[in-house]
Amino acid sequence: MSFGKGFFGKRSTTNLSKIETTFYSKRIVEKKERKILPMINESFKIAIDIGYGQVKGLSSLGGRVCFPSVSAPAPVDPLGEAFGTRTSHLTAVRVPEGPKVERLVGEAALRSLAATSTLTREKPVDLHDLFLVTAAYLLSPDTGVPPTVRSPKLSVGLPLAYYRAQKGDLKKRLSGLAAYVSVDGGPERWVSFAGVIVLPQGAGVALAEAGSLPDGLVGVVDVGTYTTDYLLLEVSGGRPMPLADACGSVEMGVHLITRAVAEAFQAATGAPLPAWAEKRALEKAARGETLKFSGRDVDLTAAFRPAVRDAAAGIAQRVLAAWGNRAPFVELTLLAGGGAILLQDYLEKALPCARIVEDPVFANCRGYLAVL
Ligand SMILES: Nc1ncnc2c1ncn2[C@@H]1O[C@H](COP(=O)(O)OP(=O)(O)OP(=O)(O)O)[C@@H](O)[C@H]1O
Ligand SMILES: [Mg+2]
């Protein structure tokens, strides 16, 4: 595993993208810019972390989104209007001269019987980009003028295991990505990016905490839904340098706990636990509460606790093996990702000088945003 040079450094800014300038005459651009600039200045930035379980995003204007990484066909919704509610999210995407494509994304898709299960190992391009434009749209401020004149700068992540092989292709693809997008019936907006940075997952966590790292060896463990990314950094004068042979990904994460809870549910009820109910089942089990099913109270806590312990032990073992004889010298291990919340008690004991970072689910995004 190796990291590009200047990886932790700042990048230069870019101006209006080519596509935008072809859409507007200079005079119109200047007029619209005057109107928009107080809200979107030259450095409007967004950071998006497309995980196997959930998509997270932050913007430099304080925007924040999080939705499950699930998509489904858009249904005819005969009841939504009557209840005055909208399905969240319904994304419509249209490339110039192409047809409009509508898909359910996030919570709404999770509830659909036709849900495309969450991302597979090699995140399919269409699904990845659908999540990306949905998050980008939701993070962009509503300026009241169609479409936004300035595209944001974008920073995204890739699992460490794929970083080297895929970062070039991903950057190229996202730099050229442009489409008209509307989410949840909002005004159609032109979504494109004025510069793209691709970073390895986990690196965002270190970048987010860069100002407060002690000199010496610092570890990062980002526990996700399907993968746990880990890094070991040599910090000198506040500058972190990754130690390539001690960084990597393991296919272990919260899904191990979800699977144990789902198996216990099936054993107790004879029915499979639907995908949309997994989160609630996990939360109930974590709080020691029972789950109602067919009028019965189903207790999943007996399956939850050992699953948490085993997942934490498995992850810690793999990370410590990769860090080898450097592990006892580690000054600080930063725990991040949604899994860190569930495994905190075990990982803080098993890993050297471990502490959970603030707002661990968004830690990568914070770091991605900081380098733009
Ligand atoms: N606030 C929370 N409290 C408890 N558990 C949470 C919380 N937020 C997320 N989780 C759980 O942590 C898991 C991992 O969340 P996270 O967003 O870090 O994963 P991901 O980035 O989608 O996955 P991966 O890194 O494998 O691609 C989620 O699937 C969820 O079950
Ligand atoms: Mg993640």
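Residues numbered from 1 in each chain as written. Chains lettered and ligands numbered in written order. Predicted model: local features only at pLDDT ≥ 70, side-chain atom pairs only at ≥ 80, totals over all residues. Heavy atoms only, no water.

*Asks:* Provide a residue-level description of the site of ligand 1, including the pertinent values.
*Replies:* As a matter of local geometry, ligand 1 sits amid 18 residues, with Tyr52, Gly53, Gln54, Lys56 and Gly338 nearest to it. Within the side chain of lysine 56, one N or O atom sits 2.7 Å away from an oxygen atom of ligand 1. Glycine 338 places a polar main-chain atom, nitrogen or oxygen, 2.8 Å from an oxygen atom of ligand 1. Surface burial for ligand 1 is 79%, taken as the share of its 640 Å² of free accessible area covered by protein chains. Counting only elements with at least two residues in the shell around ligand 1, the list comes to strand E2 (54–59) and helix H10 (338–350). Ranked by residues supplied to the shell around ligand 1, first place goes to H10 with 4 residues. Here the residues of the shell around ligand 1 are counted per class, giving 8 nonpolar, 9 polar and 1 charged. In terms of domain composition, the shell around ligand 1 takes at least three residues from each of domain 1 (18–200) and domain 2 (210–356). (Near = heavy atom within 4 Å. Polar contact = N/O pair within 3.5 Å; in protein donor to acceptor, adjacent residues only side chain to side chain. Areas by Shrake-Rupley, 256 points an atom, 1.4 Å probe, with all protein chains shown as cover. Helix = DSSP H or I, 4+ residues; strand = E, 2+ residues; numbered from the N terminus. Nonpolar A, V, L, I, M, F, W, Y, C, P; charged D, E, K, R; others polar. Domains from an automatic or database assignment.)

*Asks:* Talk me through the confidence of the model for the protein; I want residue IDs and the actual numbers.
*Replies:* A residue-level look at the protein finds 80% of positions with pLDDT of 70 or above and a mean pLDDT of 84. With pLDDT under 50 throughout, residues 1–41 is counted as low confidence; its partners more than four residues away or in other chains account for 73 contacts. (pLDDT = per-residue confidence, 0-100. Contact = heavy atoms within 4.5 Å.)

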